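Tertiary structure, described
What follows is each chain in one-letter form.
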Amino acid sequence: SGEFHYQRMPVPEMWLDIFHKFKASGFNAVSVYFFWSYHSPSKGVYDFETAGKNVQRMFDYAKEAGIYIIARAGPYCNAETSAGGLALWGSDGSMGNLRTSDATYYASWQPWVAKMGAIIAANEITQGGPVIINQVENELQETSHVATNTLVIYMEQLKAAYRAAGVTVPLSHNEKGQRAQSWSTDYQNVGGAVNLYGLDSYPGGLSCTNVNSGFNLVRNYYQWFANYSYTQPNHFPEFEGGWFSPWGGQFYDTCTSEHDPGFADVYYKNNIGQRTTILNLYMAWGGTNWGHSAAPVVYTSYDYSAPLRETRQIQDKLSQSKLIGLFTRVSKDLLKTYMVGNGTGYATSSTGIWTWEIRNPDTNAAFYVTQQATSSSRASVTFTANLKTSQGTIAVPNINLNGRQSKILVTDYTFGKQTLLYSSAEVLTYGIFNKEVLVLYLQNGQVGQFALKTSGNSTHSTYGSSNVTATASSGLMTFTYTQGAGQTVVEFNGILIYLLEQKTAWRFWAPATTKNPDVKPNEQIFVLGPYLVRSASISHGVLHVSGDSDNATTIEAYTGDSSIQTIDWNGQRLDAEKTAYGSVTAQIPGAADRTVSLPVLENWRSADSLPEKNPAYDDSKWAVCNKTTTQSPVAPITLPVLFSSDYGFYAGPKVYRGYFDGSYTAVNITASGGLAFGWTAWLNGVLVGGNTGNTTLTTTSAVLTLPSNSTKKTGNVLTVVVDYHGHDETSTAKGVENPRGLLGASLIGGNTSSSTGFKLWKIQGNAGGNANIDAVRGPMNEGGLYGERLGWTLPSFTPDSKQFGRSSPSVGISSSGIAFYTTTFHLNIDSDLDVPLGIELTAPAGTVSRVMVWINGYQYGKYVSHIGPQTRFPFPPGVVNNRGENTVALSLWAMTDAGAKLDTVKLIKYGQYQTDFTFNKDWSYLQPGWDKSRLAYA
């Protein structure tokens with residue numbers, strides 16, 4: 001299974017593209033968080049239908065792709081999403097004591113579980129849908145095994161609520177590492193236990209700056225499960241598919257250690273060796289924290305160094321995961337095994353090798369999972385394995401592990417009517433056609449040996465570069481070979497065996513001919529060559545193959561149907577040539593030579609996006625900060641309460657205006673916006689300072705000097721802009737209830753008639769506050785900057801010549817403030833191409849600025865030039881129009897009087913692929929445009 005969050009892809013049609021890639025890579029399930037925050041903009045209001053919030057489409061696409069769904073609706077999710085997925089309307093403190101049996105909290109989450117649970121229930125496998133498991137809560141540690149404990153009661157409440165909503169599939173939970181023993185029916189069950197215990201694990205310990213760091217395997221999983229969930233499947237609800245990067249950290253694309261396909265090869269096979277039968281990779285596709293949906297611990301990209309890139313491109317780590325996924329798909333003997341033995345030097349000639357031996361008690365098929373004893377080793381170790389088979393123990397020589405590599409050696413492995421007595425070459429998969437077809441793989445230059453039980457003819461034919469020798473003896477045919485480049489095919493006694501170099505195997509596909517996620521060996525077609533194969537079928541002598549191609553190449557397919565004369569590749573009919581061993585081939589086009597022209601971003605229009613720093617600015621429509629009490633568990637530093645959520649503004653930057661009379665020498669301000677956020681203050685339009693951001697602080701304070709030449713006797717206005725990097729997860733203090741915006745402000749050095757010196761505060765946030773006026777893009781897309789509120793980011797907005805000049809981001813602004821830039825660009829990408837696009841932003845060294853960028857109204861990038869690390873921001877089809885006009889808008893917040901400008905603002909492409917998937921559509925339903933109602937939010 002692969003973790004996938006639909007919220008991180010606001011274009012529903014792209015969900016199917018991602019599901020196709022998972023299914024093609026041997027996954028038969030996806031695990032999905034449902035973020036309460038995305039669906040409930042205000043208390044009592046829910047949206048499960050509009051655009052990217054239409055969860056029924058997600059269920060339908062999963063069913064269409066042929067994958068199961070593991071549903072995870074919380075109510076708390078974590079996931080490095082703002083507030084951990086809790087509804088942001090609870091950030092004012094009204095949600096009660098979070099993640100306990102508190103009555104106020106119960107009343108808050110119960111409607112969410114009732115509504116979301118009913119949708120999940122309607123899509124269960126028992127109702128013909130794809131849902132097979134429903135997770136309750138998330139990484140909630142059972143700290144006390146006492147029936148009256150608030151967490152036990154809370155779990156019982158949640159279980160009852162999901163069942164009352166109609167959910168009948170097994171309920172599960174995920175242990176937060178080996179830190180507690182929580183909610184298992186097999187261990188101190190005093191209540192709260194679920195049907196399916198699971199353990200989350202992120203064991204890599206990898207470093208982006210030191211490729212030799214970490215890579216130490218965990219070898220006690222088997223024992224852990226045996227201790228705490230011995231009657232249940234060994235289950236990893238979250239296992240490391242990558243890792244997230246924080247503000248100021250290393251960007252995903254440059255973290256080579258996280259992209260190593262050896263991690264998937266060694267770690268995922270290690271889990272198989274410990275009898276794991278449910279493995280969910282977190283993340284399999286990470287996506288984007290577009291808008292203001294990120295928790296403060298991450299920035300815009302949530303690529304996660306996942307097997308499938310944020311841009312929906314296949315990484316080598318996914319290609320290697322596919323080899324394991326396709327193997328487990330057909331190796332049903334893995335579903336019932338017992339641990340025979342394990343250890344250093346176990347069943348091998350070398351103490352440099354660790355082996356797990358698991359065996360099916362019914363069939364006696366065995367799986368020897370071999371790995372380096374010191375798992376981080378990069379040594380090349382060659383050894384002999386002593387494999388116990390139905391014909392006795394056989395010493396199989398010349399097995400090589402090339403550094404961070406693992407191999408699963410099989411014995412008495414049945415495929416169709418045939419039996420593989422043993423193999424030191426790895427089984428990728430097998431299929432049952434007009435004959436059995438077995439697919440094995442090794443790295444180039446490695447030696448493989450396998451033996452087939454046979455009573456027939458001992459002659460064989462070989463096609464390809466590998467040197468293969470065969471020896472017949474007493475009902476056994478033993479093949480030994482050195483893997484050559486590409487592929488070699490052996491034909492023997494009605495059996496076809498593909499011997500693939502590992503990197504060639506990365507381009508091997510086994511598209512299913514059924515929509516059932518449980519794909520049988522006779523429900524596949526084998527295809528070699530393309531970048532991706534989405535589906536394949538046969539009709540009237542034509543093999544129809546749907547897929548994606550990066551480079552022109554040979555496609556080879558084995559179908560078992562001798563009547564095939566034509567291969568239809570993405571609608572293009574190609575004459576098929578037959579090989580001597582019964583496959584068909586053709587030449588398919590690529591996309592490398594296709595012209596994709598990206599326009600230069602020019603003809604910018606520009607305007608001031610901080611008129612609020614002018615004392616004369618009209619804020620008569622703003623919310624008055626007049627509350628003297630708050631439900632927040634965090635006490636305000638000064639009164640009135642200035643917490644933004646208390647006035648209905650949750651996501652995005654906030655703008656405050658504080659009024660005072662008289663002469664003061666300084667002001668003491670405390671603001672909160674999450675890690676690496678910043679804030680800036682102006683007195684009567686003159687910069688007085690702020691905090692430019694710190695990657696370790698969610699809240700910052702400063703005493704700012706008020707220049708006497710900028711202070712008036714009456715009518716002073718202090719304008720403060722506070723950035724927002726999301727609401728905290730519950731691992732940080734009070735979680736979502738940690739207030740955002742200003743926590744306190746008081747004047748210093750003057751006579752005052754109030755405790756703070758201020759006579760009035762006003763606040764402005766996103767247009768409409770919690771009214772969710774843009775239901776399509778949802779409640780977390782916008783913040784409170786002037787240009788945002790007035791809709792300057794939206795398609796069809798026309799800049800007014802009186803307000804907008806013709807400057808550009810490359811010119812920027814010469815002093816502190818916030819400028820807004822907007823322009824349009826036209827794309828004309830061929831409709832049969834997938835071209836992942838993005839925008840690149842850079843600033844001159846030393847620039848202290850905060851930038852946001854919008855594509856057709858979607859905020860798809862936050863670039864903080866002095867903190868980083870992200871400078872390239874991808875956006876998907878549907879957010880961008882591949883063929884047609886697009887609007888791009890950009891805010892530039894100069895945090896010092898040195899001003900700010902950008903030296904790069906350009907469109908980029910990440911690759912190009914010929915495809916028959918529809919990336920060119922009329923996306924207007926996802927891109928509502930500007931209308932004059934926006935003028936009310938000045």
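One can find the structure itself at the top, above this paragraph.
As the structure is a prediction and not an experimental result, all values here were calculated from the model. In this numbering scheme, every chain counts its residues from 1 along its sequence in written order. Local features in a predicted model are, by the rule used here, given only for residues with pLDDT of at least 70; side-chain atom pairs are given and counted only at 80 or more, and totals for whole chains, interfaces and linings are based on all residues. Derived side-chain values reflect all non-hydrogen atoms in the structure, with water molecules and hydrogen atoms excluded from consideration.

**Side note on the packing of helix 1 (residues 12-24) against helix 3 (residues 55-65)**
- Lines fitted to C-alpha atoms define the axes, with helix axes restricted to the stretch in contact, and inter-axis angles between N-to-C directions lie between 0 and 180 degrees. Note on conventions: DSSP H or I runs of at least 4 residues are helices, E runs of at least 2 residues are strands, and numbering of each starts at the N terminus. The interhelical angle for the contact between helix 1 and helix 3, taken along N-to-C directions, is 30°, at an axis separation of 9 Å. Crossing handedness for the pair helix 1 and helix 3: right-handed. Mapping the contact onto sequence places Pro12, Glu13, Trp15, Leu16, Phe19, His20 and Lys23 in helix 1 and Arg57, Met58, Tyr61, Ala62, Glu64 and Ala65 in helix 3.
- Charged residues are taken to be Asp, Glu, Lys and Arg, nonpolar residues to be Ala, Val, Leu, Ile, Met, Phe, Trp, Tyr, Cys and Pro, and polar residues to be all remaining types, Gly included. Here the contact of helix 1 with helix 3 is built from residues that sort into eight nonpolar, one polar and four charged. In a left-handed crossing the near helix is turned counterclockwise from the far helix by less than a right angle, and in a right-handed crossing that turn is clockwise. Every residue pair with non-hydrogen atoms within 4.5 Å of one another is taken to be in contact.

**Re the sheet that holds strand 23 (residues 487-492)**
- Pairing in this open sheet of five strands is mixed, and the strands run 17-18-24-23-20 from one edge to the other. The open sheet terminates on both sides in strands that have one partner only, identified here as strand 17 (426-432) and strand 20 (460-464). Taking each pair of neighbouring strands and ignoring which way they run, the sheet shows an average axis angle of 15°.
- At least two DSSP bridges between two strands are needed for those strands to be called paired. Here strand 20 pairs with strand 23 via five bridges, running antiparallel. Bridge assignment links tyrosine 463 to a residue of strand 23, and that residue is valine 489.
- Helix 8 (residues 316-330) rests against strand 17 and strand 18 (436-442) of the sheet, and its axis sits at about 50° to strand 17.

**Overview of the state of the cysteines**
- Cysteine sulfur atoms that come within 2.5 Å of each other are treated as a disulfide pair. Scanning the entire structure with this criterion turns up one disulfide.
- The disulfide partner of cysteine 208 is cysteine 255, and the S-S distance across this bridge is 2.1 Å. Around the S-S axis, the bridge from cysteine 208 to cysteine 255 shows a dihedral of about -90° and counts as left-handed. Of this pair, cysteine 208 sits in the loop between strand 7 (199-200) and helix 6 (221-228) while cysteine 255 sits in the loop between strand 8 (234-240) and helix 7 (261-273), and the two are 47 residues apart along the sequence.

**What to know about the pairing of strand 15 (residues 407-415)**
- We call a residue buried when its accessible area falls under 20% of the maximum for its residue type, exposed when it is over 50%, and partly exposed in between, using a 1.4 Å probe and counting protein chains only. Of all nine residues in strand 15, eight are buried; the element is thus mostly enclosed.
- Direction of pairing for strand 12 (residues 366-372) relative to strand 15: antiparallel, over a ladder of five bridges. Bridging across to strand 15, threonine 370 finds its partner in lysine 407.
- Both strand 15 and strand 16 (residues 418-423) contribute to a ladder of five bridges, which runs antiparallel. By the bridge assignment, phenylalanine 415 is partnered in strand 16 with glutamine 418.
- Count of turn residues in the strand 15/strand 16 antiparallel hairpin: two residues, of which glycine 416 carries a positive phi of about 65°.

**Here's the deal with the nonpolar core**
- Within this scheme, the nonpolar core is defined by two criteria: the residues are buried Ala, Val, Leu, Ile, Met, Phe, Trp, Tyr or Cys, and they are joined through side-chain atoms within 4.5 Å. Ranked by internal contacts, the top residues of the largest apolar core, which has 199 residues, are Phe4, Phe19, Phe22, Phe34, Met58, Tyr413 and Leu841.
- In terms of residue count, the dominant contributor to this core is helix 4 (residues 103-122) (eight residues).
- When sequence neighbours within four positions are dropped, the list of residues in contact with phenylalanine 34 reads Tyr6, Val55, Met58, Phe59, Ala71, Arg72, Ala73, Cys77, Trp112, Met116 and Ile120.
- Listed in part, the 30 residues of the second largest apolar core include Ile669, Trp679, Leu718 and Val720.

**Re the packing of aromatic side chains**
- A pair of aromatic rings is counted whenever rings of Phe, Tyr or Trp (Trp by its six-membered ring) have centres within 6.5 Å, and the orientation is called stacked for planes under 30 degrees apart, edge-to-face for over 60 and tilted otherwise. Under the criterion given, the structure shown has 70 aromatic pairs.
- For the pair tryptophan 36 and tryptophan 112, a centre-to-centre distance of 6.3 Å together with 15° between the ring planes defines the contact as stacked. Of this pair, tryptophan 36 sits in helix 2 (residues 36-39) while tryptophan 112 sits in helix 4, placing them 76 residues apart in sequence. Here tryptophan 36 and tryptophan 112 have matching classes, each one buried.
- Relative to tyrosine 268, the ring of phenylalanine 263 has its centre 6.0 Å away and its plane inclined at 90°; by these criteria the two rings are edge-to-face.

**Quick word on the side chain of threonine 100**
- Looking at where threonine 100 falls in the secondary structure, it is placed in the loop between strand 3 (68-72) and helix 4.
- By relative accessible area, threonine 100 is classed as buried at 11%.
- In this structure, threonine 100 is in contact with Tyr105, Thr150, Tyr154 and Gln157, ignoring residues within four places of it in sequence.

**A look at the pattern of salt bridges**
- One side-chain nitrogen of Lys or Arg within 4 Å of one carboxyl oxygen of Asp or Glu is enough to make a salt bridge. Tallied over the entire structure, the rule returns 33 salt bridges.
- For arginine 594, the salt bridge is made with aspartate 830, and the minimal N-O distance between the two is 3.1 Å. Separated by 236 residues along the polypeptide, arginine 594 in the loop between strand 33 (584-588) and strand 34 (605-608) and aspartate 830 in the loop between strand 44 (817-828) and strand 45 (833-834) bring together distant segments of the chain.
- Judged by its relative accessible area of 23%, arginine 594 falls in the partly exposed class.
- Aspartate 830 gets classed as partly exposed once you look at its relative accessible area, which sits at 32%.
- Of the charged contacts in the structure, one is a salt bridge between aspartate 723 and arginine 850, with a shortest N-O distance of 3.0 Å. Of this pair, aspartate 723 sits in the loop between strand 41 (716-722) and strand 42 (741-748) while arginine 850 sits in strand 47 (residues 849-855), and the two are 127 residues apart along the sequence.
- Judged by its relative accessible area of 5%, aspartate 723 is buried.
- Put simply, Asp17, Lys21, Arg312, Arg534, Asp548 and Asp834 are held in one network by salt bridges that share partners.

**Quick look at the environment of glycine 191**
- Within the fold, glycine 191 resides in the loop between strand 6 (175-176) and strand 7.
- In this structure the C-alpha to C-alpha distance between glycine 191 and methionine 155, which are 36 residues apart in sequence, comes to 7.9 Å.
- Not counting chain neighbours up to four residues away, the residues in contact with glycine 191 comprise Glu142, Val152, Glu156 and Trp183.

**Some thoughts on the environment of glutamine 764**
- Its location among the elements puts glutamine 764 in strand 43 (residues 760-764).
- Using a relative accessible area of 9% as the deciding quantity, one classes glutamine 764 as buried.
- Not counting residues up to four positions away in its chain, the partners in contact with glutamine 764 are Trp622, Phe649, Lys654, Val655, Arg789 and Tyr937.

**Some remarks on unusual backbone geometry**
- In this structure, proline 640 follows leucine 639 across a cis peptide bond, with omega equal to 5°.
- One can find proline 640 in the loop between strand 35 (623-624) and strand 36 (654-660).
- Across the junction of glycine 868 and proline 869, the peptide omega takes the value 10°, indicating a cis bond.
- Its place among the elements puts proline 869 in the loop between strand 48 (858-864) and strand 49 (872-875).

**So, helix 4**
- Expected span, for any helix, means 1.5 Å times one less than how many residues it has. In this model helix 4 runs 28 Å from its N-terminal to its C-terminal C-alpha over 20 residues, within 8% of the 28 Å that 1.5 Å per residue would give.
- Working definition for bend: take the seven residues up to and ending at a residue and the seven starting at it, fit an axis to each, and measure the angle between the axes. The largest bend along helix 4 reaches roughly 30° and is located at tryptophan 109, with the proline proline 111 sitting one to four residues downstream.
- Within helix 4, burial applies to Tyr105, Ser108, Trp109, Trp112, Val113, Met116, Gly117, Ile119, Ile120 and Ala121.
- Polar contacts, as counted here, are pairs of nitrogen or oxygen atoms within 3.5 Å of one another; within protein the pair requires one atom able to donate a hydrogen and one able to accept it, and residues that are adjacent in sequence qualify only if both atoms are side-chain atoms. One side-chain oxygen at the N-terminal end of helix 4 lies 3.3 Å from the backbone nitrogen of threonine 104; it belongs to aspartate 102.

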